[in-house]
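# Remarks on the overall topology
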Amino acid sequence: MFSIETYDFMADEKFQEFLKKKIGDEFIPKDKFLRKLNAIKKEWIKILNSPILRHAYKVDFDVE
């Protein structure tokens, strides 16, 4: 099981791409960005922990 507390988001290139797609090119104030970042991290962990969502988002880490 992946956990938001222990997952290395900075080293995960697929997460970085996911984050860029979710945020886009708009400027976001720091407080709003942090809230949005935390929500995106939670969504990413949910995807990683679900084989169905990993398949739907085409995220394959060869981890079951």
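To keep things clear, this report deals only with the structure shown in the data block. Since this is a predicted model, take the numbers as computed values, not measurements. (Residues numbered from 1 in each chain as written. Predicted model: local features only at pLDDT ≥ 70, side-chain atom pairs only at ≥ 80, totals over all residues. Heavy atoms only, no water.)

By the element assignment, Ile 4 lies in the segment before helix 1 (13-23). A residue is classified by how much of its surface remains accessible, and Ile 4, at 30% relative accessible area, is partly exposed. Considered as a pair, Ile 4 and Ile 45 are 41 residues apart in the sequence and their alpha carbons are 6.3 Å apart. Among all residues touching Ile 4, those that are not within four sequence positions of it are Phe 9, Asn 38, Lys 41, Lys 42 and Ile 45. (Helix = DSSP H or I, 4+ residues; strand = E, 2+ residues; numbered from the N terminus. Buried < 20%, exposed > 50% of the residue type's maximum accessible area, 1.4 Å probe, protein only. Contact = heavy atoms within 4.5 Å.)

So, about the packing of helix 1 against helix 2 (residues 30-48). Where helix 1 meets helix 2, the closest approach of the two axes is 11 Å, and the angle between their N-to-C directions is 130 degrees. Classified by the interaxial angle, the pair formed by helix 1 and helix 2 is oblique. Of the two possible hands of crossing, helix 1 and helix 2 adopt the one that is right-handed. Residues Lys 14, Phe 15, Phe 18, Leu 19, Lys 22 and Ile 23 of helix 1 lie in contact with helix 2, whose contacting residues are Phe 33, Lys 36, Leu 37, Ile 40, Lys 41, Glu 43, Trp 44 and Ile 47. Its residues placed into classes, the contact of helix 1 with helix 2 shows nine nonpolar, no polar and five charged. (Axes fitted to C-alpha atoms, helices over the stretch in contact; angles between N-to-C directions. Parallel < 35°, antiparallel > 145°, perpendicular 65-115°, else oblique. Left-handed = near helix turned anticlockwise from the far one by under 90°. Nonpolar A, V, L, I, M, F, W, Y, C, P; charged D, E, K, R; others polar.)

With that settled, consider the environment of Lys 58. Assignment of secondary structure puts Lys 58 in the segment after helix 3 (51-56). Spatially, the C-alpha atoms of Lys 58 and Lys 42 are 18 Å apart, while their sequence positions differ by 16 residues.

Turning our attention to the nonpolar core. With 14 residues, the main nonpolar core has Phe 15 and Trp 44 as its most contacted residues. Listing elements by their share of this core, those giving two or more residues are helix 1 and helix 2. The dominant element in this core, judged by the number of residues it contributes, is helix 2, at six residues. (Core = buried A, V, L, I, M, F, W, Y, C linked by side-chain atoms within 4.5 Å.)

Three or more residues of helix 1 are buried, namely Phe 15, Phe 18, Leu 19 and Ile 23. For helix 1, the angular spread of buried residues about the axis comes to 120 degrees, placing them on one side. Residues of helix 1 that are exposed and point over 90 degrees away from its buried face: Glu 13, Lys 20 and Lys 21. In this structure, the buried side of helix 1 is in contact with helix 2. Residue Gly 24 follows helix 1 closely and has a positive phi angle near 80 degrees. (Arc of directions from axis to C-beta.)

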